[in-house]
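Structure at a glance
So the chains spell out like this:
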Amino acid sequence: MTRRAVGGMRVFLDVGGHYGESLDVALDPRWGFEKIYSFEPAEPCQRILRGFRDSRVHIVPAGLSSRTGQATLFGAGLLGASVYADKGELGDGHVRAETIALLRATDWLRANTSADDEIYLKLNCEGSECDVLEDLLDSGVISRLRSIYVDFDVRKIPSQAHRHAIVEDRLRHHSPRFVTPDSLKSHGGGAAVREWLVLVSPHSPAAASTVRYRLGLHRPPYIWATHAARAALPRPVYALAARRFGAQARQRTGADRG
């Protein structure tokens, strides 16, 4: 079992919350997280994340970055939404853009966590992972982190791809306790996050909390629906339904705001 410092808490930071794919994994009581923060700047995604029913969850309606301020999020609500307009997955530019809030990673960590906390950081934020890591490395606050999972989506952004090797090399020299999807058997998504946590954060949960989690009582209706559909439908049919449902959800959100 992993031990934390006396007086500290076990904390999970989910940077790039989207529709709760990693949040659903982090809520498994076997990891023993006492506070879970999900950073998600896109309003369509925030609506779904707020449906998670667990007192440990705190939704932060902002993106984590190297500065505090505002930015434009291209493809808001999409899995590949990014503050970088030239990200390949965003297509021909006919995507929803949203003005979002940014928080400097170092400032947020200093204000909301303790040096005694045992902090696990998951970064899947479509290019902003380099902004976050550079800021934490420059300030030295990265020393507060027990382990890091980072998906280097910056490789998909022509204007930023050169930063990948530089940041990963700095991270390797300063904080060897990090993994990427490439270093795991499960190459991305919730399965990779679970594999990472199995490696770094074993814990012995109470039976009651385990039963509640297995029953899915913490999940919002959207997550219930996707889990049921994934189990019941052939993979091609599920993929088509997921794309259509997600598009309709974003359209409804836009209508609600209008």
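So, here's what we can say about the structure. (Residues numbered from 1 in each chain as written. Predicted model: local features only at pLDDT ≥ 70, side-chain atom pairs only at ≥ 80, totals over all residues. Heavy atoms only, no water.)

A few words now on the environment of Ser175. With respect to the helices and strands, the residue Ser175 is situated in the loop between α5 (163-174) and β9 (178-179). It is 7.6 Å that separates the C-alpha atoms of Ser175 and Ser143, two residues lying 32 residues apart in sequence. Discounting residues that sit within four places of it in the chain, Ser175 has contacts with Ile142 and Ile148. (Helix = DSSP H or I, 4+ residues; strand = E, 2+ residues; numbered from the N terminus. Contact = heavy atoms within 4.5 Å.)

Let us now look at the sheet that holds strand β1 (residues 10-15). Reading across from one edge, β3-β2-β1-β7-β8-β9 is the order of the six strands in this open sheet, with parallel pairing throughout. The open sheet has two edge strands with one neighbour each: β3 (57-60) and β9. Pairing analysis gives five bridges linking β1 to strand β2 (residues 35-39), with the strands arranged parallel. Counterpart to Val11 in the pairing with β2 is Lys35. Strands in contact with helix α3 (residues 105-112) are β1, β2 and β7 (118-123); relative to β2, the strand with the most contacts, it is inclined by about 155°. (Pairing = 2+ DSSP bridges. Axes fitted to C-alpha atoms, helices over the stretch in contact; angles between N-to-C directions.)

Attention shifts here to the sheet that holds strand β5 (residues 69-74). Taken together, the three strands give an open sheet; going across it, the order is β4-β6-β5, and neighbouring strands pair in mixed fashion. Across the chains shown, the open sheet's two edge strands, defined by having one partner strand only, are β4 (63-65) and β5. Sheet twist, expressed as the mean angle between neighbouring strand axes with direction ignored, is 45°. Both β5 and strand β6 (residues 97-104) contribute to a ladder of six bridges, which runs antiparallel.

With that settled, the discussion passes to the packing of aromatic side chains. The geometry of an aromatic ring pair is captured by two quantities: the separation of the ring centres and the angle between the planes. Evaluated as defined, the whole model comprises seven aromatic pairs. Relative to Phe33, the ring of Phe12 has its centre 5.2 Å away and its plane inclined at 50°; by these criteria the two rings are tilted. Taken as a pair, Phe12 in strand β1 and Phe33 in the loop between α1 (21-26) and β2 lie far apart in primary sequence, 21 residues in all. What makes Phe12 buried here is its relative accessible area of 0%. Relative accessible area serves as the criterion here: at 2%, Phe33 is assigned to the buried category. (Phe/Tyr/Trp six-rings, centres within 6.5 Å; stacked < 30°, edge-to-face > 60°. Buried < 20%, exposed > 50% of the residue type's maximum accessible area, 1.4 Å probe, protein only.)

For the rest of this paragraph, the subject is the pairing of β6. As paired strands, β4 and β6 are joined by three bridges and run parallel to one another. Note that in β6 the partner of Gly63 across the bridge is Leu102.

Next up on the list: unusual backbone geometry. Here His18, not a glycine, exhibits a phi torsion of approximately 50°, which is positive. Structurally, the position occupied by His18 is in the loop between β1 and α1. Taking relative accessible area as the criterion, His18 reaches 12% and is therefore assigned buried. Even without a glycine there, the phi angle at Glu126 is positive, about 55°. Within the element layout of this structure, Glu126 appears in the loop between β7 and α4 (128-139).

So, on to the packing of α3 against α4. Direction vectors running N to C along α3 and α4 enclose 65°, while the axes themselves pass 8 Å from each other. From α3, Ala105, Thr106, Leu109 and Arg110 reach across to α4, where they touch Val132, Asp135, Leu136 and Ser139. Taken together, the residues of the contact of α3 with α4 break down into four nonpolar, two polar and two charged. (Nonpolar A, V, L, I, M, F, W, Y, C, P; charged D, E, K, R; others polar.)

Compared with the 16 Å implied by 1.5 Å per residue over twelve residues, the 17 Å span of α4 between its first and last C-alpha is a close match. Summarising burial for α4: nine of the twelve residues are buried, a large majority. Of all the positions in α4, only Ser128, Glu129, Cys130, Asp131, Val132, Leu133, Asp135, Leu136 and Leu137 are classed as buried. Contacts made by the buried residues of α4 are with β4, β6, α3, β7, β8 (145-150) and α5. (Expected span 1.5 Å × (residues − 1).)

Right, let's talk about the nonpolar core for a bit. With 30 residues, the main nonpolar core has Leu13, Leu123, Leu136 and Ile148 as its most contacted residues. Those elements that provide at least two residues to this core are β1, β2, α3, β7, α4, β8 and α5. Among residues more than four places away in sequence, those in contact with Leu136 are Ala105, Thr106, Leu109, Leu121, Val141, Ile142 and Leu145. Ile36, Phe52, Val193 and Leu197 belong to the second-largest nonpolar core, a separate cluster that totals 19 residues. (Core = buried A, V, L, I, M, F, W, Y, C linked by side-chain atoms within 4.5 Å.)

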